[in-house]
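Structural characterization, general
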Amino acid sequence: MKRISSRTVFMTILSMIVVLGIAAFVVQYFVKANDWVTFPGSPHVYSGGNISTGSVRDRDGVMVLTNGERRQYADDELIRKATMHLLGDRYGYIEAPLINTYADKLLDYNPITGVYTTSETGNILNLTLSADACVTALQGLNGRKGTVGVYNYRTGEILCMVSSGTYDPDDMPDMDTIESDSYYEGVFLNRFTRSTYVPGSIFKLVTAAAAIDNIPDVFDRSFYCEQETIIGGEYITCEQYHGSISFGTGLVKSCNIVFGELAVELGPEILTRYAEAAGINSAVSFDGTTVAEGNFDLSGAGDNDVAWAGIGQYTNLINPCQFMTFVGSIAAGGQAASPYVVDSVETPDGVKVYEAQKQMMDRTMSESTASTLTEMMRNDVVQNYGTYDFPNVYVCAKSGTAEVGEGEPNAMFAGFVQDESYPLAFIVIVENAGSGSAVCTSIAGDVLYACMESMDG
Ligand SMILES: [Zn+2]
């Protein structure tokens, strides 16, 4: 009896192991089959390192990439250049995870039947991007390095993301040219997603949010700017002599004395809390891309460092895509949608095999703070740059010039359209453009109109 009983136990354990093993395999199969089929090097799917099936088109139906034996890019040279950092080149110099992220969807592999899509062309990936807006941005940058991003802060759709320098993937310059021509400096980097910049004055929006919430009489305060002051034993300097100046005018005139003094009064703890809430130290992720994290770190910082940090200098860094979502959150009452660039993937017959789901980002500030800041940013546009570049559009924004050591400072412009028909947030960065905000405002205006035209369909 004893022997039979122990044998039964043994058999029971053995069969349980078999059942569990099969279950584990089945689960793995359904979870990972797509990965196994689309692993890099699979001859079914890849040709010379690139996926060889499926195509990509923009929000207006313009074909920007057709995969095959050899990648076929858009017919238009400017579209090829403007979308190259998103789609990647033929040789893998550009880190562009988009296509591989959707490899299984483009292929339409079915784990139950084990059958690939029977069509020769594969599936179609629809971008949220407007190729026309991207070309407009690239033309605006006009041979200068920088980046432009525009997205819908209500839905999360990215309509424009451009990184310059760039090149035509159908006519790549040789390596000698790339190494010697300064336009190509950092050309393999997608500046929108993978670079970080010293924010300069656009960071004053974060300091302003902290001041609105934590200094009750901040709007009644009067500051005095003599173009320089001493904080923490060292100089804080301003671009201009502003004399007696209020908090509101301080943002419009971008007075360093106002924001340096406010930063020190707020202190490192509160400033860090607002920078964290703004997402400066966080990485946004979408469609296989994780953007570079910025930097806001006041550990061990003295008063002078804290003042410069509140002005947007010190060791501050922002990622353009992330900061675009931050200004979007101001427009959206403190909480914006999370950005994405793939709207859907469909079969040639129009059956959707993937559709983007809207997701919200974390709240960056209260609704009332967002509304106060919106008003201040509107004043900035009206009083500073004028509405010339934005006729009939309610644009709220903040410009900045960021000192970057050698060379002319970078020009930056971040803001949004306050209009429920066109809920667009944007960032424009032109490297070494000097202090002229005009460069950025005209690019922003042209690109916003291109986006709105595409939204009107
Ligand atoms: Zn000043």
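Look up: the structure comes first, before these words.
What comes next concerns the included structure.

Conventions used here
- Residues numbered from 1 in each chain as written.
- Predicted model: local features only at pLDDT ≥ 70, side-chain atom pairs only at ≥ 80, totals over all residues.
- Heavy atoms only, no water.
- Helix = DSSP H or I, 4+ residues; strand = E, 2+ residues; numbered from the N terminus.
- Polar contact = N/O pair within 3.5 Å; in protein donor to acceptor, adjacent residues only side chain to side chain.
- Contact = heavy atoms within 4.5 Å.
- Donors = N, O, S within 2.8 Å, 3.2 Å for Na, K, Ca; no water.
- Tetrahedral: all angles 85-135°; square planar, octahedral: opposite > 155°, others 65-115°.
- Buried < 20%, exposed > 50% of the residue type's maximum accessible area, 1.4 Å probe, protein only.
- Pairing = 2+ DSSP bridges.
- Patch = residues over 30% accessible without salt bridge, like charges linked within 9 Å, V, L, I, M, F, W, Y side chains within 5 Å.
- Areas by Shrake-Rupley, 256 points an atom, 1.4 Å probe, with all protein chains shown as cover.
- Salt bridge = Lys/Arg side-chain N within 4 Å of Asp/Glu carboxyl O.
- Lys, Arg positive; Asp, Glu negative; His and termini not counted.
- Charge placed at Lys NZ, Arg CZ, Asp CG, Glu CD.
- 1 Å grid on protein atoms, 1.4 Å probe; cavity = no way out; pocket = protein on both sides within 12 Å on 5 of 7 lines; lining within 4 Å.
- Points joined across faces, edges and corners; volume = space filled by probe spheres on them.
- Core = buried A, V, L, I, M, F, W, Y, C linked by side-chain atoms within 4.5 Å.

Another point: the side chain of Ser-329. Along the chain, Ser-329 turns up in helix α12 (residues 320–331). Separated by 2.6 Å, the side chain of Ser-329 and the backbone oxygen of Phe-326 make a polar contact. Residues contacting Ser-329, with those up to four places away along its chain left out, are Gly-334, Gln-335, Ala-336, Thr-364 and Ala-370.

Here we take up the coordination of the zinc ion. Within the protein, the zinc ion binds to Cys-225 (SG), Cys-238 (SG), His-242 (ND1) and Cys-255 (SG); these donor distances fall in the range 2.1 to 2.4 Å. Around the zinc ion sit four donor atoms; with metal-centred angles ranging over 104 to 116°, the donor geometry is tetrahedral. Taken in chain order, the donor set of the zinc ion reads C-x12-C-x3-H-x12-C. With Cys-238 in the loop between β11 (234–237) and β12 (243–245) and Cys-255 in the loop between α9 (247–252) and α10 (256–277), this pair connects stretches of sequence that are 17 residues apart. We classify Cys-238 as buried; its relative accessible area is 8%. Assessed through its relative accessible area of 0%, Cys-255 is described here as buried.

Below, the discussion takes up the pairing of strand β8 (residues 158–164). Counting buried residues along β8, seven of its seven residues qualify, which places the element largely inside the surrounding structure. The pairing of strand β7 (residues 146–152) with β8 spans six bridges and is antiparallel. From the neighbouring strand, Val-150 faces β8, where its bridge partner is Cys-160. Linking two consecutive strands that pair antiparallel, namely β7 and β8, is a turn of five residues; a positive phi of about 100° is found at Gly-156 within it.

Below, the discussion takes up a negative patch on the surface. On the surface, Asp-60, Asp-132, Glu-453 and Asp-456 cluster together to form a negatively charged patch. As for its placement among the helices and strands, Glu-453 is situated in helix α14 (residues 437–456).

Next up on the list: empty space enclosed by the protein. Enumeration according to the criterion identifies one cavity of 30 Å³ or more in this entry. Here the largest cavity is characterised by a volume of approximately 100 Å³. For the largest cavity, the lining is made up of 14 residues, of which His-85, Leu-86, Pro-97, Asn-190 and Thr-289 are closest to its centre. Only α2 (77–87) and α7 (191–194) provide two or more residues apiece to the lining of the largest cavity.

Nonpolar side chains in soluble globular proteins tend to end up buried together. By size, the foremost hydrophobic cluster in this structure holds 127 residues, and its most contacted members are Leu-127, Cys-160, Phe-247, Val-327 and Val-341. Broken down by element, this core gets its largest block of residues, ten residues, from α10. If we skip the residues at most four places from it in the chain, Leu-127 touches Val-56, Arg-57, Asp-58, Arg-59, Val-64, Leu-86, Leu-98, Val-341, Val-342 and Asp-343. Within the second largest apolar cluster, eight residues are counted, among which are Met-84, Ile-94, Tyr-167 and Tyr-184.

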